[in-house]
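Results of the structural survey
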Amino acid sequence: MYEIRFHGRGGQGAVTSAELLALSAIAGGKSAQAFPSFGPERRGAPVIAYARISDSPIRNRTAIQEPNLVIVLDPSLLRLVKVDAGLQPGGTVVINSSKDPATIRKETGIKARLVTVDANRIAREEIGRVITNTTMLGAALAAQPLVTVERLEQELKGRFGRIAERNIKAFRRAMRECHITDAA
């Protein structure tokens, strides 16, 4: 089983990202689940979402404490949350940041495999708004191909309708422009 934890803020699309990833996995014949973890949060408050993907049925419904992959949609959360807490050995952290990986490592102490992408810039240029969820999924799939690009793009078309093409452009750009560095 592969487990993913998303860190974002209300309104950024972390919950939608988890759902899109799970739906893509299910469409590809795998078992998957996605669920949020938040209380009475408001737009802008920290939110965590989870996804699990497996070749066999998933019976576990608990929060993910030891993910294989962590996706951070909002870089300001790096100052508030230890996003790599519980990360499995060999795990990957994908961060929305314009900073280079060496700077991120120095500021956060993250030693895991690290993927960075300037998702804010890409989303602004391709979508017209700084909502980074689909952009971050592109960087995540570049690092760990959990589902096929085609399946995820189909889910994007189904979810976003007339603005799907802009989200797909952002998704593809992030796949090309992300920086993947091995564990320190």
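We now turn to the structure provided with this report. Bear in mind that the values here come from a model prediction, so they are computed numbers and not experimental data.

Here we come to helix α3 (residues 119–126). Within α3, the full set of buried residues consists of A119, I122 and A123. End-on, the buried residues of α3 take up no more than an arc of 95°, which puts them together on one face. On its buried face, α3 is in contact with β5 (92–96), β6 (113–117), α4 (133–143) and α6 (164–177). Looking at the residues trailing α3, positive phi occurs at G128, about 95°.

Let us now look at the side chain of S54. Inspection of the secondary structure assignment puts S54 in strand β3 (residues 46–54). Overall, the relative accessible area of 8% leaves S54 in the buried class. From its side chain, S54 meets the backbone nitrogen of S56 in a polar contact 3.1 Å long. Those residues within four positions of S54 in sequence are excluded, and the remaining contacts are M1, K30 and S31.

A few words on the layout of surface pockets. Roughly 170 Å³ of internal volume is contained in the largest pocket. Every residue lining the largest pocket is listed: P75, L78, R79, S97, S98, K99, I104, E107 and T108. Partitioning the lining of the largest pocket into residue classes produces 3 nonpolar, 3 polar and 3 charged.

With that out of the way, let us pick up the nonpolar core. A general tendency of soluble globular proteins is for nonpolar side chains to be buried together. With 40 residues, the main nonpolar core has I4, F6, L21 and I71 as its most contacted residues. Not counting chain neighbours up to four residues away, the residues in contact with I4 comprise L21, A49, Y50, A51, I53, I64, L69, I71 and L146. Membership of the second largest hydrophobic core comes to 11 residues, among which are V72, L87, V93 and L114.

Read from one edge of the open sheet, 7 strands run β2-β3-β1-β4-β5-β6-β7, paired in mixed fashion. Bordering the open sheet on either side are β2 (31–37) and β7 (179–181), each of which pairs with just one other strand. The sheet shows a mean angle of 15° between the axes of neighbouring strands, direction not considered. In this sheet, β7 lies alongside β6 in antiparallel orientation, the contact comprising 3 bridges. What sits directly across from T116, in β7, is H179.

A few words on the packing of helix α1 (residues 14–27) against α4. Contact geometry for α1 and α4: axes closest at 9 Å, N-to-C directions at 50°. Between α1 and α4, the interaxial angle falls into the category oblique. α1 and α4 meet at a crossing whose hand is right-handed. Contacts from T16, S17, L20 and L21 of α1 reach α4 at N133, L137 and L141.

Analysis parameters
- Position numbers for residues start from 1 in each chain and track the written sequence from start to end.
- Only residues with pLDDT of at least 70 get local features here, since the model is predicted, and only at 80 or more are side-chain atom pairs given and counted; chain-wide, interface and lining totals rely on the full set of residues.
- Hydrogens are left out, water is left out, and the side-chain values use all remaining heavy atoms of the structure.
- Here's how the labels work: a residue is buried when its accessible area is under 20% of the maximum for its type, exposed when over 50%, partly exposed in between, all with a 1.4 Å probe on protein chains only.
- Strands here are runs of E lasting at least two residues and helices are runs of H or I lasting at least four, both read from the DSSP assignment and numbered beginning at the N terminus.
- This arc is taken over the directions from the axis of the helix to the C-beta atoms.
- What makes two residues a contact is simply this: any of their non-hydrogen atoms within 4.5 Å.
- Any N or O atom pair separated by 3.5 Å or less is treated as a polar contact, with the protein-specific requirement of one donor-capable and one acceptor-capable atom, and with residues adjacent in sequence counted only for side-chain atom pairs.
- Think of a 1 Å grid over just the protein atoms. A cavity is a set of points where a 1.4 Å probe fits yet cannot get out, a pocket is an open set with protein on both sides within 12 Å along at least five of seven lines, and lining residues have an atom within 4 Å of a point.
- Grid points are joined across faces, edges and corners, and a volume is the space filled by probe spheres set on the points.
- Just so you know the grouping, Ala, Val, Leu, Ile, Met, Phe, Trp, Tyr, Cys and Pro go in nonpolar, Asp, Glu, Lys and Arg go in charged, and all remaining residues, Gly too, go in polar.
- Residue types Ala, Val, Leu, Ile, Met, Phe, Trp, Tyr and Cys, when buried and joined through side-chain atoms within 4.5 Å, form a set referred to as a nonpolar core.
- Between any two strands, pairing holds if DSSP finds at least two bridges.
- In this analysis, axes come from line fits to C-alpha atoms, helices being fitted only over the stretch in contact, and the angle between any two N-to-C directions falls in the range 0 to 180 degrees.
- What sets the label is the angle itself: under 35 degrees gives roughly parallel, over 145 gives roughly antiparallel, 65 to 115 gives roughly perpendicular, and the rest give oblique.
- Left-handed describes a crossing whose near helix is turned anticlockwise from the far helix by less than a right angle; the clockwise case is right-handed.

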